[in-house]
Amino acid sequence: MKTRIFAAAVMGASLLAPPVTAQTAAATLPNSFGEPDAVQAPPPAPASGEAPDIARTQGALRAVIASLQSDEIDYSVFSPSLAEQIRSRAAEFAPRVRQLGAVQVMEYRGQQDGAELFRVVFEKQATDWVIAFDNEDRINALLYRPARGD
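Once a new chain begins, its residue numbering starts again from 1 and follows that chain's sequence as written. A pLDDT threshold of at least 70 governs which residues receive local features in this predicted model, and a stricter bar of 80 or more applies before side-chain atom pairs are shown or counted, although totals over entire chains, interfaces and linings include all residues. Heavy atoms throughout the structure, all of them, feed into the side-chain values; hydrogens and water do not.

Peer 1: Is there a simple way to think about helix α4 (residues 80-98) in this case?
Peer 2: An α-helix turns once every 3.6 residues. As a result, residues three or four positions apart point the same way. Compared with an ideal rise of 1.5 Å per residue, which puts 19 residues at 27 Å, α4 spans 24 Å between its outermost C-alpha atoms and falls more than 12% short. Along its length, α4 reaches its greatest deviation from straightness, about 80 degrees, at Ala-90. To sort residues, take the accessible area from a 1.4 Å probe on protein chains only and compare it with the maximum for the residue type: under 20% means buried, over 50% means exposed, and anything in between is partly exposed. The helix count covers DSSP runs of H or I at least four residues long, the strand count covers runs of E at least two residues long, and both are numbered beginning at the N terminus. Among all positions of α4, only Leu-82, Ala-83, Ile-86, Arg-89, Ala-90, Phe-93, Ala-94, Arg-96 and Val-97 are buried. For a helix, the expected span equals 1.5 Å multiplied by the number of residues minus one. What is called the bend at a residue is the angle between a pair of axes, fitted to the seven residues leading up to and ending at it and to the seven starting from it.

What follows is the structure in structure tokens.
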């Protein structure tokens, strides 16, 4: 649980960092996704044998991206602390997501430290996203960066 809370705090803060572009954000957050600088294969499924609910998580991520692109953000899907961070920075963050264009492909990449990793290919750029939920099934971590090659 401590790892999940720490990761959420780091990822939530990283989402709302004031970089000029997504490229800058990635440059300042090289290990936000918990991987070394070298490209690695997606992490294996959780050791507990409990499979993540990929369809539910993917649907939640699609909904969040759509809400950011439409400026109709439903803050009730986020934990209170992440909702507050997003609310305070939505005016600068939403346009960055909107400029990526429409979602073309969303691919599950694995799970790490309780968070799900996705590759989301937009019209204008491929990105990597991390999303995690708290015990009340609200999003408590959300982060993206330009995709790394693999």
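Peer 1: Any chance you could explain the nonpolar core here in plain terms?
Peer 2: Across soluble globular proteins, you tend to see nonpolar side chains buried next to one another. Here, the term nonpolar core denotes a set of buried Ala, Val, Leu, Ile, Met, Phe, Trp, Tyr and Cys residues that are joined through side-chain atoms within 4.5 Å. Ranked by size, the top nonpolar core spans 25 residues in total, and within it Leu-61, Phe-78, Trp-129 and Leu-142 carry the most contacts. When residues of this core are traced back to their parent elements, those giving at least two are α3 (54-70), α4, β2 (115-122), β3 (126-133) and β4 (139-146). No other element matches the seven residues that α4 contributes to this core. Membership of the second largest hydrophobic core comes to six residues, among which are Leu-117, Val-130, Ala-132 and Ala-141.

Peer 1: I tried to follow α3 on my own but got confused; where do I start?
Peer 2: The terminal C-alpha atoms of α3 lie 24 Å apart, and with 17 residues this matches the ideal 24 Å at 1.5 Å per residue to within 8%. Among the residues of α3, Thr-57, Gln-58, Ala-60, Leu-61, Val-64, Ile-65, Ser-67 and Leu-68 are the ones counted as buried. Here a residue-residue contact requires only that any non-hydrogen atoms of the pair lie within 4.5 Å. On the buried face of α3, the contacting elements are α4, β1 (103-112), β2, β3 and β4. Just downstream of α3, Asp-71 is the residue with a positive phi angle, here 60 degrees.

Peer 1: Is there a simple way to think about the environment of Gln-58 in this case?
Peer 2: Mapped onto the secondary structure, Gln-58 falls in helix α3. Once the C-alpha coordinates of Gln-58 and Tyr-108 are considered, the two residues, 50 residues apart in sequence, prove to be 7.8 Å apart. Setting aside residues up to four positions removed in sequence, Gln-58 forms contacts with Met-106 and Phe-118. In the analysis that follows, any N or O atom pair within 3.5 Å is treated as a polar contact, provided that within protein one partner can donate a hydrogen and the other can accept it, and provided that, for residues neighboring in sequence, both atoms belong to side chains. Within the local environment of Gln-58, its side chain forms a polar contact with the backbone oxygen of Met-106, the two atoms lying 3.1 Å apart.

Peer 1: I keep staring at the sheet that holds β4 and nothing clicks. Help me out?
Peer 2: In this description, strands pair whenever DSSP reports at least two bridges between them. The antiparallel open sheet is built from four strands, whose spatial order is β1-β2-β3-β4. Each edge of the open sheet is held by one strand with a lone partner, namely β1 and β4. Adjacent strand axes in the sheet meet at a mean angle of 20 degrees when their direction is disregarded. In terms of strand pairing, β2 meets β3 through six bridges, oriented antiparallel. Across the sheet, Glu-116 pairs through a bridge with Ile-131, a residue of β3. All axes are obtained by fitting lines to C-alpha atoms, using only the stretch in contact for helices, and the reported angles, taken between N-to-C directions, cover 0 to 180 degrees. The sheet strands contacting α3 are β1, β2, β3 and β4, and the helix crosses β2 at an angle near 50 degrees. Of the strands in this sheet, β3 and β4 are in contact with α4, which crosses β4 at around 25 degrees.

Peer 1: Got a minute to help me understand the pairing of β4 in this structure?
Peer 2: Each regular strand displays side chains that alternate between the two surfaces of the sheet. Among the eight residues in β4, eight count as buried, and that is most of the element. Here β3 folds back onto β4, and the loop between the two strands holds five residues, one of which, Asp-137, carries a positive phi near 65 degrees.

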